[in-house]
Amino acid sequence: MIREFTEEQDELRQTVRRFLSDHSSETEVRRLMETESGYDPALWKQMGTQLGLQGIAIPEEYGGQGFGWVELGIVLEEMGRALLCAPFFSSAVLAATTLLASGDEEAKRRHLPGIADGSMIATLAFPRPGAPLEVRAERRDDGWRLSGAAPLVIDAHVAQLILVTADTSEGRAVFAVDAGAAGVTVTARPTLDQTRKLADIELSDVVATPVGDPADGEELLSRVLDLAAVALAAEQVGGAQAALDMGVEYMKVRVQFGQPIGTFQSLKHMAADALVEVETARSAAYYALFAAADHSEELPIAAPLAAAYCADAFVSTAHENIQFHGGMGFTWEVPAHLYFKRARAGQLLLGEPDHHRAQVADRLGF
């Protein structure tokens, strides 16, 4: 599966990069990460109504742009490069992908148009690998009710729609919950990565609607988390490239002993190793994106492989960027720590790299 980007896809990349260079500068990132919501509603609206970014991979029949996973990956890579502070991953990736993969036409027509134009923010509460699922669903005469706790849900504090994974008497299923419904309590949590907000959700006898067939919940969640891993890998490649570029640029202008530090052999070797990691991660992420776009049977292997490698590559490159900056790299004023925190937090967002490697081994039958 050797593919190249089309001219239209390259133009999309340049358009998104120009937009983010104007609206996601270091100053703006620092401003938004200090706010309670963590994003700019006006910018979010502009992204949805003028650029159509939230709906880039949502079919036109549901109000989206009708593109696919390659285009979504390009957008995510550029957002990772710019450390965009916005609920894009939670709403346009996690929630939208869950709805699309569910096959639930009623749910798709009800929720996807709002996600596509940015008028509604949605998220997905899913169990972390190795952690018990603490939400139970009970079917009653008047419908389904949910009770329990869902910790560390991405952007739950600003979401209007929460898709909640819950255990039923027949297995695991996904349910749609109105964030403003009676019995829903959302509490924002302090995070290592202040550019991406997390919140805990408490549910007490909350009215919920199944998304898709409850009997297919396990299969749905597995598919969604594979696709989410591909999306996160693309974002991490963008962040890793930005961290590398930042470090290389600094080595060109920082002078010691009368010459730029970039001429020192040890730093050249560090930069070369970082470049190899970034380019290898890019290859893994792009392969997984094309597999997702083609509905390839290779996706169950390509997704966790990209997730593991890209997470580690981002952490390593972000760490090297701090080293390139020397003592300054550890200070608040230098933005190197912003990428390092995003890298470390992202490394755990969908499960540790060892979890993804174990998935590859298990799916290959080892």
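Thresholds, definitions, all that
- Residues numbered from 1 in each chain as written.
- Predicted model: local features only at pLDDT ≥ 70, side-chain atom pairs only at ≥ 80, totals over all residues.
- Heavy atoms only, no water.
- Helix = DSSP H or I, 4+ residues; strand = E, 2+ residues; numbered from the N terminus.
- Expected span 1.5 Å × (residues − 1).
- Buried < 20%, exposed > 50% of the residue type's maximum accessible area, 1.4 Å probe, protein only.
- Salt bridge = Lys/Arg side-chain N within 4 Å of Asp/Glu carboxyl O.
- Contact = heavy atoms within 4.5 Å.
- Polar contact = N/O pair within 3.5 Å; in protein donor to acceptor, adjacent residues only side chain to side chain.
- Phe/Tyr/Trp six-rings, centres within 6.5 Å; stacked < 30°, edge-to-face > 60°.
- Lys NZ or Arg CZ within 6 Å of the ring centre and 35° of its normal.
- Axes fitted to C-alpha atoms, helices over the stretch in contact; angles between N-to-C directions.
- Parallel < 35°, antiparallel > 145°, perpendicular 65-115°, else oblique.
- Left-handed = near helix turned anticlockwise from the far one by under 90°.
- Nonpolar A, V, L, I, M, F, W, Y, C, P; charged D, E, K, R; others polar.
- Pairing = 2+ DSSP bridges.

J.: Explain helix H4 (residues 69–82) to me, please; I cannot follow it from the model alone.
T.: Helical periodicity: at 3.6 residues per turn, an α-helix aligns residues three or four positions apart in one direction. Taking 1.5 Å per residue as the helical rise, H4 with its 14 residues ought to reach 20 Å, and the 20 Å between its terminal C-alpha atoms agrees with that figure. Of all the 14 residues making up H4, 13 are buried; the element is thus mostly covered by neighbouring parts of the structure. After H4 finishes, the residue leucine 83 shows a positive phi value of roughly 50°.

J.: Is there a simple way to think about the pattern of salt bridges in this case?
T.: In this structure the tally under the stated criterion is 27 salt bridges. A salt bridge links glutamate 78 to arginine 81; the shortest N-O distance between them is 3.6 Å. With a gap of three residues between them, glutamate 78 and arginine 81 both fall in helix H4, about one helical turn apart. Take glutamate 78: its relative accessible area is 2%, and that puts it in the buried class. The network of salt bridges with common partners includes Arg13, Arg17, Glu77, Glu78, Arg81, Asp245, Glu279 and Arg282.

J.: I keep staring at the side chain of glutamate 235 and nothing clicks. Help me out?
T.: Tracing the chain through its elements places glutamate 235 in helix H7 (residues 217–253). Using a relative accessible area of 5% as the deciding quantity, one classes glutamate 235 as buried. Residues contacting glutamate 235, with those up to four places away along its chain left out, are Leu76, Glu77, Gly80, Phe89, Arg196 and Arg342.

J.: What should I look at first to understand the environment of glutamine 347 in this one?
T.: Among the structural elements, glutamine 347 can be located in helix H10 (residues 336–349). Note: C-alpha distance between glutamine 347 and alanine 313 (34 residues apart in sequence) is 9.8 Å. Dropping the residues within four chain positions of it, glutamine 347 is found in contact with Gln236, Ala311, Asp312, Val315, Glu352 and Pro353. For glutamine 347, the side chain forms a polar contact with the side chain of aspartate 312, separated by 2.9 Å.

J.: Even after reading the chapter, I still don't get the packing of aromatic side chains, so can you show me in this structure?
T.: Two aromatic rings are characterised by how far apart their centres lie and by the angle between their planes. The tally for this structure, following the rule as stated, stands at four aromatic pairs. A network of ring pairs unites the aromatic residues Phe5, Tyr286 and Phe290 as a single cluster. The positively charged end of arginine 13 is found above the aromatic ring belonging to phenylalanine 5, 5.4 Å away from the centroid. Here the guanidinium or amino end of arginine 196 rests over the ring plane of phenylalanine 89, the centre of that ring lying 5.2 Å away.

J.: Hey, could you run me through the packing of helix H9 (residues 299–324) against helix H11 (residues 353–363) in this one?
T.: Angle between the axes and distance between the axes: these two values describe a pair of packed helices. Orientation of H9 relative to H11, taken along the N-to-C sense of each, is 155°, at an axis distance of 8 Å. By the angle between their axes, H9 is roughly antiparallel relative to H11. Taken as a pair, H9 and H11 cross one another with a handedness that is left-handed. Contacts between H9 and H11 involve Pro300, Ile301, Pro304, Leu305, Ala307, Ala308, Ala311 and Asp312 on the former and, on the latter, Pro353, His356, Arg357, Gln359, Val360 and Arg363. Among the residues making up the contact of H9 with H11, the classes are represented as nine nonpolar, two polar and three charged.

J.: Which parts of the structure should I look at to understand the environment of glutamate 77?
T.: Of note, glutamate 77 is situated in helix H4. Considering only alpha carbons, one finds glutamate 77 and leucine 232, 155 residues apart in sequence, at a separation of 8.7 Å.

J.: Just checking my understanding: could you explain unusual backbone geometry for this structure?
T.: Both trends apply: most residues other than glycine have a negative phi, and most peptide bonds are in trans. The phi dihedral of leucine 83 is positive, around 50°, even though this residue is not glycine. Note on placement: leucine 83 falls in the loop between H4 and helix H5 (88–102). At histidine 295, a residue that is not glycine, the phi angle is positive and equals roughly 55°. Along the chain, histidine 295 turns up in the loop between helix H8 (265–293) and H9.

J.: Quick question: what am I supposed to make of the pairing of strand E4 (residues 161–168) here?
T.: Side-chain positions along a regular strand alternate between the two faces of the sheet. With eight of eight residues buried, E4 is to be regarded as a mostly interior element. Residues Leu161, Leu163, Thr165 and Asp167 of E4 are buried on one face, and the alternating residues Ile162, Val164, Ala166 and Thr168, pointing to the opposite face, are buried as well. Relative to E4, strand E1 (residues 122–125) is paired through four bridges, and the arrangement is parallel. Across the sheet, leucine 124 pairs through a bridge with leucine 163, a residue of E4.

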